[in-house]
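Listed below, chain by chain, are the residues.
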Amino acid sequence: QVQLVESGGGLVQPGGSLRLSCAASGSIFAIVRMGWYRQAPGKQRDLVATITSGSSTNYADSVKGRFTISRDKAKNTAYLQMNSLKPPDTAVYYCTADGTEEGDYGTFEPWGQGNQVTDSP
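All figures in this text were calculated on a predicted structure; none of them were measured in a lab.

Caption draft 1: Expanded view of the state of the cysteines. This structure, assessed with the given rule, holds one disulfide. With its sulfur 1.9 Å from that of its partner, C22 forms a disulfide with C95. With the S-S bond torsion at -80°, the cross-link from C22 to C95 turns out left-handed. Within this pair, whereas C22 is found in strand β3 (residues 18-26), its partner C95 is found in strand β9 (residues 91-101), the two being separated by 73 residues in sequence. You can call C22 buried: its relative accessible area is 0%.

The following block contains the structure:
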């Protein structure tokens, strides 16, 4: 079984920065992609950013130029650096990863526990 543990997040003033981390552990053969989604109160969960094993990245238009996703393959960990935060960025941020497990090579796509990010004056 593969699990994701998130860290980071918190309260920051507009224009501030935060960094999220997401560490995958368990019976991992390969991770194809890692990323973050976010969900604000009363809204659906939306894509924020993803990064593939080949380091290709994809960002929501609303965060392009402000957020940067990166990955440490050796540690099975992804990072989301969030700069120039705005109040609309306030949401619970969920990490996810997809790949294959050791042994039976079954696929996995777990979610992290979520981290609250609040941008408020």
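Caption draft 2: Just the sheet that holds strand β7 (residues 67-72), in detail. Judged by pairing direction, the sheet is antiparallel, and its four strands sit side by side in the order β1-β3-β8-β7 without closing on themselves. Sheet topology places β1 (2-7) and β7 at the edges, where each strand pairs with a single neighbour. Direction aside, neighbouring strands of the sheet carry axes that sit 15° apart on average.

Caption draft 3: Here's a closer look at the packing of aromatic side chains. In the structure shown here, the tally under the stated rule is two aromatic pairs. A ring pair is formed by F29 and Y105, whose centres lie 4.9 Å apart and whose planes are at 90°; its orientation type is edge-to-face. Here the residue F29 occupies a position in strand β4 (residues 28-39), and Y105 occupies one in the loop between β9 and β10 (107-108), the gap between them amounting to 76 residues. An identical accessibility class is assigned to F29 and Y105; each is exposed. Here the guanidinium or amino end of R45 rests over the ring plane of Y94, the centre of that ring lying 3.7 Å away.

Caption draft 4: Just unusual backbone geometry, in detail. Notably, S55 is not glycine yet its phi reads approximately 70°, a positive angle. Within the fold, S55 resides in the loop between β5 (46-52) and β6 (57-59). Unlike most non-glycine residues, Y105 shows phi in positive territory, near 55°.

About the thresholds
Residues numbered from 1 in each chain as written. Predicted model: local features only at pLDDT ≥ 70, side-chain atom pairs only at ≥ 80, totals over all residues. Heavy atoms only, no water. Disulfide = S-S within 2.5 Å. Helix = DSSP H or I, 4+ residues; strand = E, 2+ residues; numbered from the N terminus. Buried < 20%, exposed > 50% of the residue type's maximum accessible area, 1.4 Å probe, protein only. Pairing = 2+ DSSP bridges. Axes fitted to C-alpha atoms, helices over the stretch in contact; angles between N-to-C directions. Phe/Tyr/Trp six-rings, centres within 6.5 Å; stacked < 30°, edge-to-face > 60°. Lys NZ or Arg CZ within 6 Å of the ring centre and 35° of its normal.

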